[in-house]
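Spelled out, the chains give:
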Amino acid sequence: MGISLSCLCTVSEVVKCYGQFNKEKGTCGLYLGETELDDCCLNVDYGFQIKDGECDSCSPSSWSEWSPWSPCTVSCKEGVKQRTRKCYGMGHCNDTEELGTLQTKYCVEETCCPEKGGWSEWGPWQGCSVTCSKGVRKRSRTCTQPPPECGGNCIGKDTDVETCDTNQVCPVHGGWSDWSSWGPCPSSCMKEGADPPQRQRSRFCTNPAPSSNPPGQYCSGHSHEAQACSNLPYCPVSGGWGPWSPTSECSVTCGVGQTMMGRQCNSPAPRHGAQTCPGKTTTEKLCNTQVPCPVAGQWSTWGPWAECKRSGKDIRCSKYSAGTQRRVRTCLYRDWNGESCTGDIMETRVCYSIERCRFNGTWSEWSDWGLCKPPCGADAKKTRQRECVPDLSEYRKLVGSKKEEAYFAGKPWLLCRRDVETSQSELCYNVPECTDATKTLK
């Protein structure tokens, strides 16, 4: 049996208990009521909230997934992206110092920044847009002196517009005014099976009125319109509540749940648009089974690989004799008949022992740039390294009848040139300043 959750909950206090916890968002759902922390966390799938604090999980402590990388802090040249994660559950998460809760890496969205262009001279004016009265005419120019670079543009408009007058009078054709509002329907509700009454509205040829010299055309269409009051509701009949149902059993068989009673608005049911019965159709009450829920096991991280060896034979520094090494892990937290961890508790692999063996070495290529550290502030730097790696070309890479890939175990003595730079660091640019929130994440 793994570590019991009761070992992680040392102080019990009254909390708000929830039937769901979303680890991706860090939020609680399905509020059950207030109860003691120990009782709420009889089910490790539940969540809880202490006073006005953040929601947390009843499960053993574990890290959330990393958030997506933020957008680059600048749109061109070098900036940085950041991401965060949180620790939820009972207890403390491991490897806080190694990976942290805030990570920053450099980014380059565009290698160059936009540069503005310059306008050409204006082109000639086009003809007037109308043949009578007043209209407009246009002229244009191009962003080519010089053209913009790297996605830039010219400031201002590429088209110029001004008024032009033909000194000719235009005829004015008639236009309808807006329809008036619909007149009222004779009643506010109607009986089933009756023909609906009609309502009226009108409009006038005054928007604008047609001109007489030169003569304009009169409006086409009808000046009056009728519509049936077909949407009138039937006269309403108010509803009434039926009796409450018996109280249900507790919604869970372990931990904290709810009981429920229900009723229906059917005594009588509302008809023809009448309001439904006021109040709730159900009422809930917290219930406590006093039974702990099963806790499924969780694998620990793999332990380190053990020594590479072979029974009855010293294989250290041998190019022709391979051995095996193994590593193990532990199934933690399983309690109250919860599911055991799935998978193997031990892992083995084929290996060569190169512990304290002498090799001529060569320097590797530079690694990718690492994360910016510290993850905020003007002093953030990124680092890359290269390593002295042994020449292992004389070893067989696939070993045995199954042709298993062989690994190299141990720390050899390596001979590499010493006048070689092995680490480089550079400043990260456009890194956000540290705030009170980010200081706690570092």
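Structural notes, computed from the coordinates. Model, not experiment: these values are computed from the prediction.

**What about the packing of aromatic side chains?**
In total, this model carries six aromatic pairs according to the counting rule given. For the pair Phe21 and Tyr88, a centre-to-centre distance of 5.2 Å together with 70° between the ring planes defines the contact as edge-to-face. Here the residue Phe21 occupies a position in strand E1 (residues 14-22), and Tyr88 occupies one in strand E7 (residues 87-88), the gap between them amounting to 67 residues. Classification of Tyr88 by relative accessible area gives buried; the value is 8%. Among the aromatic residues, ring-to-ring pairing joins Tyr352, Phe359, Tyr395 and Phe408 into one connected group. For Arg349, the ring lying beneath its charged end belongs to Trp305, and the centroid distance is 4.0 Å.

**Quick look at the sheet that holds strand E18 (residues 346-353)**
Read across the open sheet, the three strands follow the order E16-E18-E24; overall the sheet is mixed. Every interior strand has two partners, whereas the edge strands, strand E16 (323-328) and strand E24 (407-409), have only one. The sheet shows a mean angle of 55° between the axes of neighbouring strands, taken without regard to direction. Pairing analysis gives six bridges linking E16 to E18, with the strands arranged antiparallel. Within the sheet, the bridge partner assigned to Gln325 lies in E18 and is Arg349.

Criteria and cut-off values
Residues numbered from 1 in each chain as written. Predicted model: local features only at pLDDT ≥ 70, side-chain atom pairs only at ≥ 80, totals over all residues. Heavy atoms only, no water. Phe/Tyr/Trp six-rings, centres within 6.5 Å; stacked < 30°, edge-to-face > 60°. Helix = DSSP H or I, 4+ residues; strand = E, 2+ residues; numbered from the N terminus. Buried < 20%, exposed > 50% of the residue type's maximum accessible area, 1.4 Å probe, protein only. Lys NZ or Arg CZ within 6 Å of the ring centre and 35° of its normal. Pairing = 2+ DSSP bridges. Axes fitted to C-alpha atoms, helices over the stretch in contact; angles between N-to-C directions.

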